[in-house]
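# Observations on the model geometry
If you want the building blocks of each chain, they are given just below.
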Number of protein chains: 2
Amino acid sequence: MSELSRIVGMSAPSVSERVRRLEAIGVIRGFTLDVDTRPLGYQVRAMVRIRPLPGKLHLVEKLIQERPEFIECDKITGDDPFLVRLVVHSIEEMDDVLEALSEHAVTSTAVIKGTSVKRRLPPL
Amino acid sequence: MSELSRIVGMSAPSVSERVRRLEAIGVIRGFTLDVDTRPLGYQVRAMVRIRPLPGKLHLVEKLIQERPEFIECDKITGDDPFLVRLVVHSIEEMDDVLEALSEHAVTSTAVIKGTSVKRRLPPL
DNA sequence: TCTGAAAATTCCAGGCT
DNA sequence: AGCCTGGAATTTTCAGA
């Protein structure tokens, strides 16, 4: 807050109050860490499209939510209802994780080779 | 830090030193905000697969990086080299953004209907 | 990793435009 | 409404062990 107040040229209490208001109305959802999972052993990342078999939509969604290797899951339009971000220690582990879904869903996996744009905010 | 020190039952200086070390070795890349862009007017989110036309790979990557509505871009294996996250104010604006790529790439768009798993950390 | 003191910051009250 | 000043409480930082 004090650093922010210096940057924007306002008093610290005023900046603090503005931030508190942004939290209150939900613009700021919270304060988080940007953690690099590679040094923790998660060497492989992938984006996986998941298409549940007929009648298995909710079951598959629950399985995704319960598997912590799926670190993000969006529900999208199109042939594949789910698009998930997966992090694993190895290709073998990736296979294990997806195998666990194989009787309930069809998956299409794209390994992440690199990142062109790191998560950022659009213009405000 | 003081709250953390209470949670883990260590002194504040020790916790502070551990966090500093995690930053130094790169496990903690930084401290960020979780901002909800909807109240800022970005009502529509989409995941877009982008396949540059022959010879246009680097041009397209640059165009993606320069368009702030693309808030994330991973380079992936498979038919479509790029997978981007797009936020826009409206479907019309989405069309405008993708139109700007149309002479250099083929795109496949999936609108995000909801989120099953919000970005989280895998088990540590 | 801790303790203890010094420095800095955050919080809170009140008042101003 | 929103911002500021000034003092109190808390936190962070810095030393030494």
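Here the structure is shown first, and the text comes after it.
From a predicted model like this one, the values you see are computed outputs, not experimental measurements. (Residues numbered from 1 in each chain as written. Chains lettered and ligands numbered in written order. Predicted model: local features only at pLDDT ≥ 70, side-chain atom pairs only at ≥ 80, totals over all residues. Heavy atoms only, no water.)

## Examining the protein's contact with DNA strand C
By nearness alone, every residue bordering DNA strand C is listed as A:M1, A:S2, A:R6, A:P13, A:S16, B:M10, B:S11, B:P13, B:S14, B:R18 and B:R21. Considering the 4 Å shell around the protein, atoms of DNA strand C inside it are sugar or phosphate in 74% of instances. Interatomic distance of 3.4 Å between a backbone N/O atom of A:M1 and a phosphate oxygen of DNA strand C. In this structure, a phosphate oxygen belonging to DNA strand C sits 3.0 Å away from a main-chain N or O atom of A:S2. The dominant element in the surface near DNA strand C, judged by the number of residues it contributes, is helix 2 (residues 12-24) of chain B, at 4 residues. Tallied by class, residues from the surface near DNA strand C come to 4 nonpolar, 4 polar and 3 charged. (Near = heavy atom within 4 Å. Polar contact = N/O pair within 3.5 Å; in protein donor to acceptor, adjacent residues only side chain to side chain. Helix = DSSP H or I, 4+ residues; strand = E, 2+ residues; numbered from the N terminus. Nonpolar A, V, L, I, M, F, W, Y, C, P; charged D, E, K, R; others polar.)

## Considering helix 2 of chain B
Its 13 residues place the ends of helix 2 of chain B 18 Å apart at the C-alpha level, agreeing with the 18 Å of an ideal helix rising 1.5 Å per residue. B:G26 occupies a position one or two residues after helix 2 of chain B and carries a positive phi of about 90°. (Expected span 1.5 Å × (residues − 1).)

## Section: a negative patch on the surface
A cluster of like negative charges, contributed by A:E92, A:D95, A:D96 and A:E99, occupies part of the molecular surface. Inspection of the secondary structure assignment puts A:D96 in helix 4 (residues 91-99). (Patch = residues over 30% accessible without salt bridge, like charges linked within 9 Å, V, L, I, M, F, W, Y side chains within 5 Å. Areas by Shrake-Rupley, 256 points an atom, 1.4 Å probe, with all protein chains shown as cover. Salt bridge = Lys/Arg side-chain N within 4 Å of Asp/Glu carboxyl O. Lys, Arg positive; Asp, Glu negative; His and termini not counted. Charge placed at Lys NZ, Arg CZ, Asp CG, Glu CD.)

## Here's the deal with the relation of the copies chain A and chain B
The two chain copies are related to each other by a rotation about an axis together with a translation along it. By a simple turn and slide, chain A fits onto chain B: the slide is 0.0 Å along the axis, the RMSD is 0.0 Å, and the turn is 180°. Both copies of the chain, as the preceding transformation shows, are related through a two-fold rotation axis. Taking C-alpha positions as reference, the residue of chain A nearest the rotation axis is A:T32, located at 2.6 Å. By residue overlap, the copies meet face to face through one surface: 100% of the interface positions of chain A are interface positions in chain B. (Least-squares fit on C-alpha atoms with pLDDT ≥ 70 in both. Contact = heavy atoms within 4.5 Å.)

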